[in-house]
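Survey of secondary and tertiary structure
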Amino acid sequence: MSLVQINNLASKSGAQYWRSLNELAGKPEFMKWVAEEFPGGTDLLAGDSRRNVLKLMAASFGLAGLAGCRRPVEKIVPMSKGVEDLIPGKPVYYNTVFTQGPNVFGVTIESHDGRPTKLEGNPNHPLSMGASTAHAQASILNLYDPDRTTELLYDGKAAVWDTWDRFADSTFAAGGGDGLRILSESIVSPSMMEMRKALLAKFPAAKWVEHEPFSDANALEGARLVFGQPNQVHYRYDRADVVVALDSDFLGAEAGSPLPVKLFSKRRRNDQPSDSLNRLYAIESQFSSTGAMADHRLRIKASDIDGFASSLARELKVASELAVLSPADASQKMLMAIVRDLEKSRGKSIVVAGPRQPARVHAMALLINQALGNIGTTVAITQAVAVPGEQTMAGLIAEAESGAVSTLVVLGGNPAFTAPRLAEAAKKIRTVIFAGERNETSVLAQWHLPATHYLEAWGDARAADGTVSIQQPLIMPLNGGRSYLEIAAQVAGSKDRKGYDIVKNYWTSQWAATGRDAMWRKALHDGIVPGTQFAETKAAAGLKAAALPARAEAGSGMEVVFTPSWAVYDGRFANNGWMQEMPDPMTKLVWDNAALISPATARELSVADGGMLRITVGSASAEFAAMIQPGQADNSVTVSLGYGRKEVGRVGRGTGFNGYGIRPANGQDFAACKVEKTGGQYTLVTTQEHHSMEGRAIVREASIDHYRKEPEFAKEMVEAPDESIYGWWDYSKGNQWGMAVDLSACTGCNACLVACQAENNIPIVGKDQVSRGREMHWIRLDRYYTGSEEDPQAVLQPLPCQQCENAPCESVCPVAATVHSPEGLNEMAYNRCVGTRYCLNNCPYKVRRFNFLNYHIDMEEVEKMASNPDVTVRMRGVMEKCTYCVQRIQEKKILAKTEGRRPIADGEIKTACQQTCPADAIVFGNINDPESAVSKSKAQPRNYWLLAEVNTRPRTTYLAKLRNPNPELAGESAASKEHHG
């Protein structure tokens, strides 16, 4: 029967075939789609003649040909072979690069049928080495943000790219560039640097300004003071026996890449002999992740760090003319202990200053490192990736206020938010052009150009050590945007206007003519451009300490300290739900920032958690909710930036408080301030008290000396019974999966939490639901204190499902939704679960999560593209929990079977949390293999079961935390003797 006969028969029988409800109802949405599919209109649909069918076929083939001519082929290169024969549903992996301000590291993207879904660290890249960060993991969600800019705007009204092209071609055709200013984020792209050079050559009177809310400008200036040029300083933490962090959170929010954590943890992990354990001193005002890892921590105001560094330099005979701390100062004992420790560790120590400290402190740290013989061993010096130019944001604002700027082109960022004075100055600029997402800067612009996400655009980026990676797109621009590089090329009048042409032509021109294509393909495949890493320089100090800039006198009153946010960074992740709901590692705060104050300061101000404070710096003031933070320096307030945005999508709207308005513009992120209680109240939500363990011993730690005397101290605390009324299953055969978590290495960075969320389609629930204890994270990162509330020590512990062999959840489930697999996994059959929550109530670890609402049902279609197709999307009324990434286990088992090999190699299967962990604190594998890494970890004497006394026999175990306190300060350290929390 022919197609015409079938249609006629259907017409006579009254049947009607349709593909959607919109088509059935004849809704405008469907008719619009028809009009777009058939440009000639729907009249072609009339009738059923062969002529009309052929017309449609001819039109379709013709349009397909035209579409093919309009866009040239731009090939991306995967890490694996066989992509030409793509198998639907089978992921393909590509290497590219992640850039966050001046921070750059290589990443590997998992793509399902042309849709990026998961990010990992590129094992080839020297700054990631296979690991990643929470921000990098969450950047996938930014790609599928439904609030991204979807159309080009001119004066707030929709326009098209052709209109912009005509404007740009006429405006930037020629001229000297008087009044033209380009404002961008830090330029770490060699191609963009070349484009900047071409643009300034075309417009000699123009100026290019770089602005970054958080940069290493103070560190570069400190290096210039010492070495005569702004060199890049690299710290080899894996070679250091002693590390002194001066207001530096190098293991936390200021890490920039996985590398510092990766190197430091090498001296703390379970595979190292106990004699190699390093020692960390943290001198800081706020309780940071670095402070939590420290063996000794001194809390002092940020403005007092200069005095401490000066005293350290003097005592080490680096600068005898610098002032020394008074013997009455409480930090004198710590200072002298550090001095003696550093002298014993010459050539094997590091003194590192944090980015908020002035150049003077960075210079002193470098002079100390040189005097100790650390430069060339634990401290390396190279040329800098990019040196800030003479043009500054302050200069741009002054020019704009004077009327000297007629055209401002802003390439990304949100400078009107991070540098608030620009917002007012921009009103005096005739033409403001902004490329990026809708934010506080875009609403000031006449032209708002939608920009591409880094996974949609070609580019390149140079990491801190000089290694260059090509940024290759994995998906066509979802919103039809252009990259910053392409817009800069248009302004510069470059012959190459497409990102692919710009980047490829730039790099192939650097290589010999023969083999260029092979070099290009290799760079895309490996994720790094070979031969681009900087050589170490033999820099010699030319600075005498007497020539250091004058020290700013520390005030005796209150001061405010500004930090990047663990969650939203400088504000760019404000509309990212994964980051907003990620608990801060120390405060455990979600969906907000707060003014962190010490208990003593809170008593002085008569304020409790959530009480509103007004902070005044100079003539500017802002209000924040107070939060009492144990370990915070007295008379010091810490505010994380990036919150309080007004022009933001629905996720970030109404979250937190904006601190940029009171931030000083002198490059220092601390200032004297006045703090007043306003009498208002605000609700802050934290997760630390959720899923309480009721005071039971779960964290176990000891000093290294105690460990040497009693290696099995962790096991001796509790005698685990070996009893069961059911009898034990024989787990001695086949694969038996297990995990070990080393608390000595874990920094609580949250990378595992976000990686788990991305891998397993875990929804966000919002501030209100979190306040009810309904967060859905499968990994809980607990933070515990020990010691006094004023000056405690902290320890962090990740807690997923323990995968109990004798699981209490299984015996109470009335529908057998939670069952045990022959390979030792505590599994969930979601379609059986009826939501009794008996399993949740019976779990002693409180690691099960219940879907109270249909968190996925309201997601827009573009948001659903971020979901992992290998993992079930759960519905309301269903329990869920960690599964050891069973989909990854099955994938590797199937692969091994098809390749005809057994057993699966150790390390071949990596859970999402394990793969992304920069500290390598998580080990997973077959515990039946005595040579596997996980078996060796579990054989260590400090390995212990959590709540062994309840006889659940968990497959996830922990290695007790070890600290290495200085014997001189043993009485000052809470870890000088074993304890648990």
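What this report covers is the structure whose coordinates are included nearby. Quick caveat: nothing in here was measured; it's all calculated off a predicted structure. (Residues numbered from 1 in each chain as written. Predicted model: local features only at pLDDT ≥ 70, side-chain atom pairs only at ≥ 80, totals over all residues. Heavy atoms only, no water.)

Quick look at helix α14 (residues 393-402)
Listed in full, the buried residues belonging to α14 are M393, L396, I397, E399 and A400. The buried residues of α14 occupy one face: seen down the axis, they fall within an arc of 165°. Packing partners of the buried residues in α14 comprise β6 (180-184), β7 (207-210), β14 (407-411), α15 (415-418) and α16 (421-425). Remark: G403 follows α14 within two positions and exhibits a positive phi of approximately 90°. (Buried < 20%, exposed > 50% of the residue type's maximum accessible area, 1.4 Å probe, protein only. Helix = DSSP H or I, 4+ residues; strand = E, 2+ residues; numbered from the N terminus. Arc of directions from axis to C-beta. Contact = heavy atoms within 4.5 Å.)

What to know about the pairing of strand β10 (residues 279-284)
Two faces, one strand: in a regular strand the side chains alternate between the faces of the sheet. Most of β10 sits out of view: six of its six residues are buried. Relative to strand β11 (residues 296-299), β10 is paired through four bridges, and the arrangement is parallel. Looking at the pairing, E284 lines up with R299 of β11. (Pairing = 2+ DSSP bridges.)

As for the sheet that holds strand β29 (residues 737-742)
Each strand in a sheet pairs with another by means of backbone hydrogen bonds, the pair being arranged parallel or else antiparallel. Strand order in this open sheet of four strands is β36-β29-β38-β37, and the pairing throughout is mixed. Each having just a single partner strand, β36 (922-926) and β37 (943-944) make up the two edges of the open sheet. Sheet topology note: the β29/β36 ladder contains five bridges and is antiparallel. What sits directly across from M739, in β36, is F924.

Notes on the pattern of salt bridges
The tally for this structure, following the rule as stated, stands at 53 salt bridges. The partner of R224 in a salt bridge is E221, with the nearest N and O atoms 2.6 Å apart. Remark: E221 and R224 occur in helix α8 (residues 217-227); sequence separation between them is three residues, near one turn of the helix. Residue R224 is classed as partly exposed on the basis of its relative accessible area, which comes to 35%. Linking E790 and R299 is a salt bridge whose minimum nitrogen-to-oxygen distance equals 3.9 Å. Here E790, found in the loop between β30 (780-786) and β31 (793-799), pairs with R299, found in strand β11; they are 491 residues apart in sequence, far enough to count as distant. Members of the salt-bridge network, linked through shared partners, are R299, R603, D634, E789 and E790. (Salt bridge = Lys/Arg side-chain N within 4 Å of Asp/Glu carboxyl O.)

Details of the sheet that holds strand β23 (residues 620-628)
Across the sheet, seven strands lie side by side as β25-β19-β24-β21-β23-β22-β26; this open sheet has mixed pairing. For this open sheet the edge positions go to β25 (670-672) and β26 (674-681), each flanked by a neighbour on one side alone. Strand-to-strand twist of the sheet, defined as the mean angle between neighbouring strand axes without regard to direction, takes the value 35°. (Axes fitted to C-alpha atoms, helices over the stretch in contact; angles between N-to-C directions.)

Observations regarding the environment of Q472
Residue position: Q472 is located in the loop between β18 (468-471) and α17 (484-492). On the accessibility criterion, Q472 (0% relative accessible area) is buried. Residue contacts for Q472: discarding those within four places in its chain leaves I76, V77, Y94, N95, T96, A457, W458 and L524.

Considerations on the side chain of S111
On the secondary structure map, S111 appears in strand β2 (residues 103-112). You can call S111 buried: its relative accessible area is 4%. Within the structure, the side chain of S111 is placed 3.3 Å from the backbone nitrogen of R115, a separation counted as a polar contact. Beyond its immediate chain neighbours, meaning those up to four positions away, S111 contacts K90, P91, V92, Y94, P116 and L474. (Polar contact = N/O pair within 3.5 Å; in protein donor to acceptor, adjacent residues only side chain to side chain.)

With respect to the side chain of D460
Note that D460 resides in strand β17 (residues 459-462). R462 is the oppositely charged side chain nearest to the buried, salt-bridge-free D460, at an N-O distance of 7.7 Å. Of the polar contacts made by the side chain of D460, one reaches the side chain of S191; its length is 2.6 Å. Among the polar contacts made by the side chain of D460, one reaches the side chain of W507 at a distance of 2.8 Å. Residues contacting D460, with those up to four places away along its chain left out, are S189, P190, S191, V468, S469, I470, Q471, V503, Y506 and W507. (Lys, Arg positive; Asp, Glu negative; His and termini not counted.)

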